[in-house]
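# What the coordinates show
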Amino acid sequence: MSSWLGGLGSGLGQSLGQVGGSLASLTGQISNFTKDMLMEGTEEVEAELPNSRRKEIEAIHSILRSENERLKKLCTDLEEKHEASELQIKQQSTSYRNQLQQKEVEISHLKARQIALQDQLLKLQSAAQSVNSGVGGVPTSTASSSFSYGVSHHASAFHDDDMDFGDIISSQQEINRLSNEVSRLESEVGHWRHIAQTSKAQGSNSSDQSEICKLQNIIKELKQNRSQEIDNHQHEMSVLQNAHQQKLTEITRRHREELSDYEERIEELENLLQQENDRDVLRKEQERLNMENRQIIKECESLKLECTKLQSDTVTERERIHPQSTSVEKEVFRLQQALSDAENEIMRLSNLNQDNNLAEDNLKLKMHVQGLEKENSLLSQEKEELQISLLKLNNEYEVVKTTATRDMDLDLKLQDLRLNLEAKEQELNQCITEKEELIAELEELDKQNQEATKHMILIKDQLSKQQNEGDSIISKLKKDLNDEKKRVHELEDDNMNITKELDMQKEKLIQSEVFQNDLHLTKQKLENKVEDLVDQLNKSQNNNLNIQKENFELKEHIKRNEEELSRVRDELTQVLGQDSNSNFRDDLLKEREAEVRSLKQNLSEIEQLNENLKKVAFDLKMENEKLVLACEDVRRQLQESVAGNSRVSMEQNTIVEALKREKGQLEEELCQAEKRLLEEAKKYEQTIEELSSARNLSASVLQLEHERLIKLNQEKDTEIARLKKNIEQMDIDHKETKSILSSSLEERKQLTELINEKEIFIENLKERSSELQEELTKNTQALRKNENLKQTIEEKDRSLGSMKEENNHLKEELERLREQQSRAAPAAEPKALDCVAELVSEVSQLNVIKDKLEEEIKHHQKIIEDQNQSKMQLLQSLQEQKKEIDEFKYQHEQMNVTHTQLFLEKDEAIKTLQKTIEEIKTQLHEERQDIQTENSDIFQETKVQSLNIENGSEKHDLSKAETERLVKGIKERELEIKLLNEKNISLTKQIDQLSKDEVGKLMQIIQQKDLEIQGLHARISSASYTQDVVYLQQQLQAYAMEQEKLLAVLSEKTRENSHLKTEYHKVIDIIAAKEAALSKLQDENKKLSTKFESNPQDMFRETVQNLSRIIREKDIEIDALSQKCQTLVTVLQTSGTSSEVGGVNSNQFEELLQERDKLKQQVKKMEEWKQQVMTTVQNMQHESAQLQEELHQLQAQVLVDSDNNSKLQVDYTGLIQSYEQNETKLKNFGQELAQVQHSIGQLCNTKDLLLGKLDIISPQLSSGSGSLLTSQSAESLGTVKSDISSESSQQEIEELRKSLQEKDATIRILQENNHRLSNSVAATSELERREHEQTDSEIKQLKEKQDVLQKSLRDKDLLIKAKSDQLLSLNENFTNKVNENELLRQAVTNLKERIVILEMDICELKKENEKIVETTREKETEYQALQETNTKFSVMLREKEFECLSVKEKSLAFEQLLKEKEQGKAGELNQLLNTVKSLQEKTVMFQKERDQVMLALKQKQMESTAVQNEVQHLRDKELRLNQELERLRNHLLETEDSYTREALAAEDREAKLRKKVTVLEEKLVSSSDAMENASHQASLQVESLQEQLNIVSKQRDETALQLSVSQEQVKQYALSLSNLQMVLEHFQQEEKAMYSAELEKNQQLAAEWKKKAENLEGKVLSLQERLDEANAALDAASRLTEQLDLKEEQMEELKKQNELRQEMLDDVQKKLMNLVNSTEGKVDKVLMRNLFIGHFHTPKNKRHEVLRLMGSILGIKREEMEQLLNEDQGGVTRWMTGWLGGGSKSVPNTPLRPNQQSMLNSSFSELFVKFLETESHPAVPPPKLSIYDMKPLDSPTRRKLDTNVPENFKDTTESRSGRRTDLNPFLAPRSAAVPLINPAGLGPGGPGHLLLKPISDVLPTFKPLPVSPDNSAGAVLKDLLKQ
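Residues numbered from 1 in each chain as written. Predicted model: local features only at pLDDT ≥ 70, side-chain atom pairs only at ≥ 80, totals over all residues. Heavy atoms only, no water.

## So, the overall build of the protein
Secondary structure assignment for the protein yields 29 helices and zero strands. Across the 1923 residues that make up the protein, the buried fraction comes to 36%. Of the contacts formed within the protein by residues at least 6 apart in sequence, a portion of 90% connects residues at least 24 apart. Taken as a whole, the protein presents about 113,000 Å² of accessible surface, with 55% of it coming from carbon and sulfur. (Helix = DSSP H or I, 4+ residues; strand = E, 2+ residues; numbered from the N terminus. Buried < 20%, exposed > 50% of the residue type's maximum accessible area, 1.4 Å probe, protein only. Contact = heavy atoms within 4.5 Å. Areas by Shrake-Rupley, 256 points an atom, 1.4 Å probe, with all protein chains shown as cover.)

## A closer look at the confidence of the model for the protein
Residues of the protein with pLDDT of at least 70 account for 76%, and the chain-wide mean is 76. Low pLDDT (under 50) marks residues 134-163, which in the prediction has 47 contacts with non-local residues, meaning those over four places away or in another chain. Low pLDDT, under 50, characterises residues 1267-1271; the predicted model gives this stretch six contacts beyond four residues in sequence or across chains. (pLDDT = per-residue confidence, 0-100.)

## Notes on the nonpolar core
Grouped together as the largest cluster of nonpolar side chains are ten residues: Ile655, Leu659, Leu666, Leu670, Ile727, Met730, Ile740, Leu1585, Leu1589 and Val1592. Mapped by element, the contributors of at least two residues to this core are helix H10 (586-694), helix H11 (699-823) and helix H18 (1466-1624). At four residues, the largest contribution of residues to this core is made by H10. Ranked by size, the runner-up nonpolar core spans eight residues in total, among them Phe1732, Phe1736, Met1750 and Leu1764. (Core = buried A, V, L, I, M, F, W, Y, C linked by side-chain atoms within 4.5 Å.)

## What about the environment of Glu104?
Relative to the helices and strands, Glu104 is located in helix H2 (residues 51-131). Sequence separation between Glu104 and Ile175 is 71 residues; the distance between their C-alpha atoms is 9.4 Å.

## Notes on the side chain of Lys1061
When you line up the elements, Lys1061 lands in helix H15 (residues 1025-1135). The buried charged residue Lys1061 lacks any salt bridge, with Glu1220 as its nearest oppositely charged partner at 5.2 Å. Dropping the residues within four chain positions of it, Lys1061 is found in contact with Gln665, Tyr1212 and Ile1216. (Lys, Arg positive; Asp, Glu negative; His and termini not counted. Salt bridge = Lys/Arg side-chain N within 4 Å of Asp/Glu carboxyl O.)

## A few points about the packing of aromatic side chains
Tallied over the full model, the rule gives two aromatic pairs. Their ring planes at 75° and their centres at 4.2 Å tell us that Phe761 and Phe888 sit as a pair that is edge-to-face. Here Phe761 is found in helix H11, whereas its partner Phe888 is found in helix H12 (residues 829-934), with 127 residues between them in sequence. The partly exposed category is assigned to Phe761, whose relative accessible area is 24%. Lying across the ring of Trp1649, Lys1652 places its NZ or CZ 4.5 Å from the centre. (Phe/Tyr/Trp six-rings, centres within 6.5 Å; stacked < 30°, edge-to-face > 60°. Lys NZ or Arg CZ within 6 Å of the ring centre and 35° of its normal.)

## Quick notes on the environment of Ile985
Examined against the element boundaries, Ile985 turns out to sit in helix H14 (residues 973-1019). Spatially, the C-alpha atom of Ile985 lies 7.4 Å from that of Lys1361, the residues being 376 residues apart in sequence.

## Quick word on a negative patch on the surface
The grouping of Glu805, Glu806, Glu812, Glu813, Glu815, Glu819, Asp834, Glu838 and Glu842 at the surface amounts to a negative patch. Contributing elements (two or more residues each) for the negative patch: H11 and H12. Tracing the chain through its elements places Glu805 in helix H11. Residue Glu805 is classed as partly exposed on the basis of its relative accessible area of 39%. (Patch = residues over 30% accessible without salt bridge, like charges linked within 9 Å, V, L, I, M, F, W, Y side chains within 5 Å. Charge placed at Lys NZ, Arg CZ, Asp CG, Glu CD.)

## A few points about the pattern of salt bridges
Counted by the stated rule, this structure contains 16 salt bridges. Between Lys1377 and Glu1190 there is a salt bridge, with the nearest N and O atoms lying 3.3 Å from each other. Pair noted here: Lys1377 is in helix H17 (residues 1287-1463) and Glu1190 is in helix H16 (residues 1140-1282), with a separation of 187 residues, a long-range link. Using a relative accessible area of 23% as the deciding quantity, one classes Glu1190 as partly exposed.

## Description of the environment of Glu268
Inspection of the secondary structure assignment puts Glu268 in helix H5 (residues 209-320). The partly exposed category is assigned to Glu268, whose relative accessible area is 48%. When the C-alpha atoms of Glu268 and Ser598 are compared, they prove to be 10.0 Å apart, with 330 residues separating the residues in sequence.

Structural data, given as structure tokens:
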């Protein structure tokens, strides 16, 4: 068991280790592969691709890296999961092993049982065999062996490494099944045992052998059948497995074939596309490039020929020139290399057919051409150097010749030298011609290069087009690839589905196997159990074999899959870079192999394409570095331009945002207006419905509805005015937005112009700085050359001094020689020869030195000329710079002047505005005072009003003229901005003051109200109640006006806020512009400072160092000159004044002394200038440090300002929101106030009615009762006295007593009612107090809200002040910066002036140098003269020496002769003499020959000197020509370089600009798109705003139409009302006609007023009218506030009285209604009897009518009536008149008017009606609101009314209405109480309802107020005041 477990564990470990190792190797291979691929990709990409492609590839590279990291993370996660799964598998395997051990134990137990059972079976069979001997059994050995084999095989199967866990589970299931079968077999064994026992019990004889035989036969047959079935089943299983495997192989093969087909198709399609595209492109490019190659090859051949010529020339030169010309060979070699490089490049160009970088190769060619030109220039320079070295060598050669050869060889060498000179001249001419040819060839090359560049540019354009086409094709191919990928995905999905179906089939197979097993089990129940077990064991063995086979196949399959996985994972790393979200399985990996192969093919093609590019990559890198530097400059400029664009876009965004906000506000206002219109329409519908329902109602309801209609009309008018104001505001806002947009566009244009100018200026400055730097370098070189010249001059001066000394020494030696000659001639001949030789050598040396000096002098002269030219150029450039600086200064000064003028104009405008504001304030105060005085006399009569209106129109005309003047004065926008800012500040201050005043006023009002509330308790019972009511009305009106004023102030605040917003945006834009300008200035300052720090400071340091060096050298020169002067003075003293040379020298010394003095002065000047320069440099350093600090501070300030701005914007938005919320709350409060006012008006109406009724009831009762009592008592006494005897009188007395008692009872009841009413009045007073407290609390809340609003306003004002302070500080900083810039510019000008001074000094130094050169020339001439004298002296010396030698020889000969004579040899003497003679002749001949030779030598020397001079001249000419050539070459090279640089720069610029253009075009496209989008959006917004305006105008028109329709409806309703009124009663037709006429008049008046309002809207345009209107509105508001205070006080008093009276009235009405109900259907018998009795007092002619009436009422018959009529009629008249006229006895009799009829003459019915009227109507009318609109006391209607009113009634009315005569009808509230029933209506017209009366008599007529289109609420008040 342990071995089996060990084997299993080791197998699992090995398999898992292999899997882990394979995974690790996979991950390693993947990572290595990705690294290699990425490295290859990066190398190839770096080698091949241009910048754009490189960027793309870098992006792809970064994406791949990120995806690689992600994949690595996935791999690590998978490895961790793998490890976890391995651990789980190990645990599971251990558990399974334990289970297997348990199962094996169970199997062993089962085996033991089986063996036991088999033994039992065998025993039973043996028993059966004993019964029946013919039958045999199955041997046990076979079974056991088979079983043991099966078990062992099973175990071995488990030991296999790749044993699947599914197989283990299936074996577990089989074990379970076997255990079940064993249990079943055990039960069957028990059954058989039972049978055996029964058979044993019955006896062996009784068992049926036939049955046993049958059973055995059946068992055999069943065995055979079962074996056949097992074979069939196994065959079917093998067939199915083979079929399944074949299907799998076929499916995989088909899948692979399809994949390969797809891959081939894709590759073919890609190849076709690439071939089709590439062939056309490559053919065209190949043709073009072949043409170019041919041209370039021709050029190369020509260059080669030229090179060969040059080489031959250089070879000849090399042979002729010294061996030092090896450097020339090197240069030639370099040229050859350069040519070979050019050829290589040409070849590369021919190879680079498919490359897009032709322009860059062209640039390389140009760079190579430049390099060649530079090398050519270097060659020329080296050639010149070689020539100079040749000259030096020649000089040395000549020196050597002169020293070496003293004899006749000089002629030959001179001839050789001449030949050499001629050859060299020829060579020089050849070089010159070659140079000219080279220059011409270079020009041709340049032309060809330009043509090639043009051609390359064309090719580049075509290639770019082709590239675009290729990109489009690539995009199409990518689309096709994506489509094919989708197809592949679909195929993968199909594969997955197939695999799923296969799994399903496998599951079905397993189910079928289980089912078959179950079937076999059912069969095995019928069979013997032992055979079942054996067969099952065989089955399990077969199954194990099959499982092993399948395991081996699966192993192979898994190995294959692993190999494919390893391949596919390697390919997945590439594929995953493109498809990041790929989590596919093995099939997907196989499909991706095809894509990877195609990609590899593409990569190989790209590698083939890029092989050529790798060669160019290194050159590209070098050029890229240069391009990168250029790109950085371009990027900086781009960033600046982008920053400018971003600023402009920010400004536009701010404008657009402002427009959006305004649009949103307008939309909100429109929505509100639409909501209002809808509400109004609903209200109209409600009113229509109410009117339709009100037809059935009484006249009082119609009156209320009419009032509502009037109010609605007024509200509509106000809302129309509001809508007009909104429309005008929208127009104004639209104009403002347009102006803002135009201003922003102008500012943007200005900014762009400024930017362009500044860029040009910067470029100019850069050019100037470069030029200055070059000039400075030239100057420094020239100064160095000057120093060298000075040193050479000093050396020459020293050499001159030494030569002169030598001359003097020679002269002295000559004199000495002469003396020696004279003394001793023969002794000194050998010495003289030596001296002559020495002199000759010295002369030759001196000649060499002279030649060198002459060459140096000429060279220095040329250098000085070049310096002079450069100085002249410098002066010209400096003058041009000065001019430009002056122009810039002039422009700057003009700008400053314009700025100062603008500032002055703005300051003047601000001052004028401040004055106007102060004047307005004073006018306000004066007008307030005037208003207080003129309050009482404002509204008197309609005539006065018309006059006022006319005066107002005249004032308007006057104000128009004034406004036109003012409008002309105020046109500039910036002035308006500043004015508005200051206005805002002043207005905010005023509002703060007003808010404080209003708070104080409110506190005073609250105190007054408290006092009034306390006083009201006392006033309720007092008689001055009406006064308090009036006072309360006034107070209410004052409060309403105050609220309206507050609303007006708030609306003004909102307007001001919007103005402030716009101004704030403008100011922000200005600040942004200024900040941009500041930033640009700062950048310029930084650049300048950096330049000054880097270049100028270094330059200054260098100049200072150079100057110090110059000064030191000057000091040394001065010392040397002083020494020279001393030596020269000594020489002069020695030489004496006789010689001409000495005179020349003295003159020269004087000149030198003067020069020394000049030099000293110059040195002093230079020292002073040096100190100045040092001081200026120090100042500049300090200033630059300060500027940098200030710049840092400014940057910090700008950052802080930006932060503050952002914070303030946030705060501002929050404040605006809170402000809008407050506005909405205020509107709600206004609506609530209007509702409260309306309720107060209704209360006032009811109160007036109640007051009137109460006043009527209380005096009538008292007076009526008293009068009735007195009159009746008097009459009763009269009747008693007159008719004592009659019985009827007694009855009447009794009746009278009864009536008296009844009257007393009624009086008591009324007194009780009065007490109750007083109690109710007290209760109402308490209720009123509570209501007052509530109103006070509401007022306090409103005040608190007002305080909050005021605080918010103050906060806003503080914010605005802070912003203004910040603006001022920024302006100050800006001015400071401008001043600092001016100071810097002044410093620059000072420096330039100093430079000019320096240039002047340099010019002076040049002049001095020229003078020094002249002096040197003169000295050289002197030197030449001295040399000539020297030569003459030397010739003389030689002659003297020869003479001396000859004399010595003669003396020697004479001595010999003397000796011979002495010896006496005369013959010998003769011979000697002859020899002497011959010798003398010979000597003479030799002397002659020597003289001839000397002369010839001298001539040759002269000729040689002349030749040398000519050679030097020629050399000088050569040098000059070479210098001119060099200069021309340099000039040409410079021009060519400049042209080439310009061309290259132009091409670079073209390339850069094209790149820039592409980038900028993209950016421009994006920015233009953004700008177009922004402008489009802005235009769309403008169009939308215009459309909205049109919509608003349409809506306005529609509202106007709706209004007209509503007005028509109102007219119709008025007509319907008139019809209803016509229907109501006939006697009211006249009044109704009047009413309708007056309605029509009012409508006409309203129409006229509307027309007038429209005319006024057209007129009101200018700012002055607004100011006047604002002043008038403020005056009106102040007046109205005062009047409103009074009215509100009156209103509060009236409220309280109203509530008391209303309660009393309610009680009285209830009682009256009870009384009416109680007395309605009854007839007062006593009254009727009194009437009947009093009837007899009526006139006789009218009595019968009364009797009939009374009879009909009392039910008296006609007979009794006739009897009464027949009786006496006088008594009736008496008591009837007393009864009816009893009411007027207590009143003093007024004289009767003519229209008054006598009571007696009137009919009884009339009297009765009048009596009823007096009984039913109140005597006192309620107080009228409008006194001016009522008819005066003299009007006829009033008189008519007064005639019918009793006197006491008149008195009461007059006493009550006496205090109201001072009231203003306009100061009453809108819902002022109007009595519905005319109390004075006691005339013949009877009781008339107010609706049935003319309006002028009853109601206060208000004219409709035309609302001005101005936004200010003051305009409405002004129109009110005008009316």
